[in-house]
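Topology and contacts: notes
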Amino acid sequence: MTVIAMTQEMATLGTDVAHGLAEALGLKIVQHEVGATVAERMQVKHSLIRRVREGQAGWLEKRGVDQEVFAVYAAEEVLNLAAHGNIVIRGWGATCILKGVSHIPCIRVCAPLEHRVRWLMERLDTDDADLAREEIERSDAAHIARIQQNFGVTLGDPLLYDLVLNTGRVSVESCIEQVIALSRRPEFQPTTASAAQLANLALQARIRSALKANEDTAEVSVTAEVDGGAVTLRGIVMKPEELAHTLAVVAGLPGVHSVDNQLRVMEFGTRRFTGSKH
């Protein structure tokens, strides 16, 4: 049930590290598959999702992608993949989403800018260093902004990761060895508690996603606390109909065994502010 979460900037050789890990440990590797799933659920082209993530989308294109829905669907897919195990998940905020699960190592692959510029120049078969540097800086800016917006953290904060690898000094082969060694340490072995934690996070994500996907609850913002299929809903809804729809959506999801309704109903203009137990 090995799961490795990775993040990398453009031209850091992180792709090579991920593929080496997958081959050495017999793991599936995913990155673009998440985008395909998110695009399908949002009913937009996969190429648009890719351009938005990479900072290539224009202002008009960005308006066609609801960033909140984008983040909710992506988180659900990352957690669903992690729950199935035996996988390397690249990007998509996986290191932020999965950081709290004790048996999942979170890895960052980085490199000095000049190393990255040279690598990209070789990849593009160009001698235009300014072009390569601008492409890297554009990609980095989009990555930093997306992580800040979706998770409220700074991308380069070392406390977000269990291991930071600098391919400017460490070879790809050595990086792979370091990650394998870390993944085999006792503290990164699954336990009953860590498996339950991952299952709870996956169900929380499924609830958020289902509420966003339903037109009657798309604007509802509530908190779902999950403990092994027992769900407690907290927050405020604007009218009784929203309360009923929210309870129906959540109760009907696979994996939900019970719902403790701690939601409150507020109706502006009538001074109504009520609670309901379910």
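Small disclaimer: the values here were computed from a predicted structure and weren't measured.

The subject of this paragraph is the packing of helix α2 (residues 32-42) against helix α5 (residues 67-84). One can describe the packing of α2 onto α5 by two numbers: an axis separation of 9 Å at closest approach and a directional angle of 135 degrees. Classified by the angle between their axes, α2 and α5 sit oblique to one another. The two elements α2 and α5 meet at a crossing, and its hand is right-handed. On the side of α2, the interface is formed by Val34, Thr37, Val38, Arg41 and Met42, while α5 contributes Val69, Phe70, Tyr73, Ala74, Glu76, Glu77 and Leu81. Across the contact of α2 with α5, the residue classes break down as eight nonpolar, one polar and three charged.

We now examine empty space enclosed by the protein. Overall, the coordinates contain two cavities of 30 Å³ or more when judged by the stated rule. Arg53, Phe70, Ala71, Ala74, Ala75, Trp92, Gly93, Ile97, Arg146, Ile147, Asn150 and Phe151 together form the lining of the largest cavity. Listing elements by their share of the lining of the largest cavity, those giving two or more residues are α5 and α8 (129-151). Tallied by class, residues from the lining of the largest cavity come to eight nonpolar, two polar and two charged. The calculated volume of the second largest cavity comes to roughly 50 Å³. Elements with a contribution of two residues or more to the lining of the second largest cavity: β1 (3-8), α6 (94-97) and α8. Broken down by element, the residue count for the lining of the second largest cavity peaks at three residues, all from α6. Here the residues of the lining of the second largest cavity sort into seven nonpolar, five polar and no charged.

Another aspect to go through is the environment of Asn166. On the secondary structure map, Asn166 appears in strand β5 (residues 163-166). Classification of Asn166 by relative accessible area gives partly exposed; the value is 24%. For the pair Asn166 and Ala83, spaced 83 residues apart in sequence, the C-alpha separation works out to 29 Å. Sequence-distant contacts of Asn166, defined by excluding residues within four places in its chain, comprise Cys110, Ala111 and Pro112.

Taken together, the side chains of Asp125, Asp127, Asp128, Glu134 and Glu137 define an acidic patch exposed on the protein surface. Looking at the element boundaries, Asp127 is found in the loop between α7 (113-124) and α8.

To continue, consider the nonpolar core. If you look at the biggest cluster of nonpolar residues, it comprises 34 residues, and the most contacted ones within it are Val38, Met42, Ile49, Ile89 and Leu98. Among the elements of the structure, β1, α2, α3 (46-53), α5, β3 (87-90), α6 and α10 (192-213) are those that each provide at least two residues to this core. Of all the elements, α5 adds the most residues to this core, at ten residues. Contacts of Ile49, omitting those with residues within four sequence positions, involve Gly35, Val38, Ala39, Met42, Val44, Val65, Phe70 and Trp92.

In this structure, Gln262 sits in strand β8 (residues 258-267). Judged by relative accessible area, which is 18%, Gln262 ranks as buried. Polar contacts involving the side chain of Gln262 include one to the side chain of Asp260, which spans 3.1 Å.

Turning our attention to the environment of Arg90. In this fold, Arg90 is placed in strand β3. When its relative accessible area of 8% is taken as the criterion, Arg90 is described as buried. Each C-alpha atom, one on Arg90 and one on Ala196, is 23 Å from the other, the two residues being 106 residues apart in sequence. With near-sequence residues (within four places) excluded, Arg90 lies in contact with Met6, Gln8, Thr15, Ala18, His19, Ile29, Val30 and Gln31. A distance of 2.8 Å separates a polar atom in the side chain of Arg90 from a polar atom in the side chain of Thr15.

About the thresholds
- Residues numbered from 1 in each chain as written.
- Predicted model: local features only at pLDDT ≥ 70, side-chain atom pairs only at ≥ 80, totals over all residues.
- Heavy atoms only, no water.
- Axes fitted to C-alpha atoms, helices over the stretch in contact; angles between N-to-C directions.
- Helix = DSSP H or I, 4+ residues; strand = E, 2+ residues; numbered from the N terminus.
- Parallel < 35°, antiparallel > 145°, perpendicular 65-115°, else oblique.
- Left-handed = near helix turned anticlockwise from the far one by under 90°.
- Contact = heavy atoms within 4.5 Å.
- Nonpolar A, V, L, I, M, F, W, Y, C, P; charged D, E, K, R; others polar.
- 1 Å grid on protein atoms, 1.4 Å probe; cavity = no way out; pocket = protein on both sides within 12 Å on 5 of 7 lines; lining within 4 Å.
- Points joined across faces, edges and corners; volume = space filled by probe spheres on them.
- Buried < 20%, exposed > 50% of the residue type's maximum accessible area, 1.4 Å probe, protein only.
- Patch = residues over 30% accessible without salt bridge, like charges linked within 9 Å, V, L, I, M, F, W, Y side chains within 5 Å.
- Areas by Shrake-Rupley, 256 points an atom, 1.4 Å probe, with all protein chains shown as cover.
- Salt bridge = Lys/Arg side-chain N within 4 Å of Asp/Glu carboxyl O.
- Lys, Arg positive; Asp, Glu negative; His and termini not counted.
- Charge placed at Lys NZ, Arg CZ, Asp CG, Glu CD.
- Core = buried A, V, L, I, M, F, W, Y, C linked by side-chain atoms within 4.5 Å.
- Polar contact = N/O pair within 3.5 Å; in protein donor to acceptor, adjacent residues only side chain to side chain.

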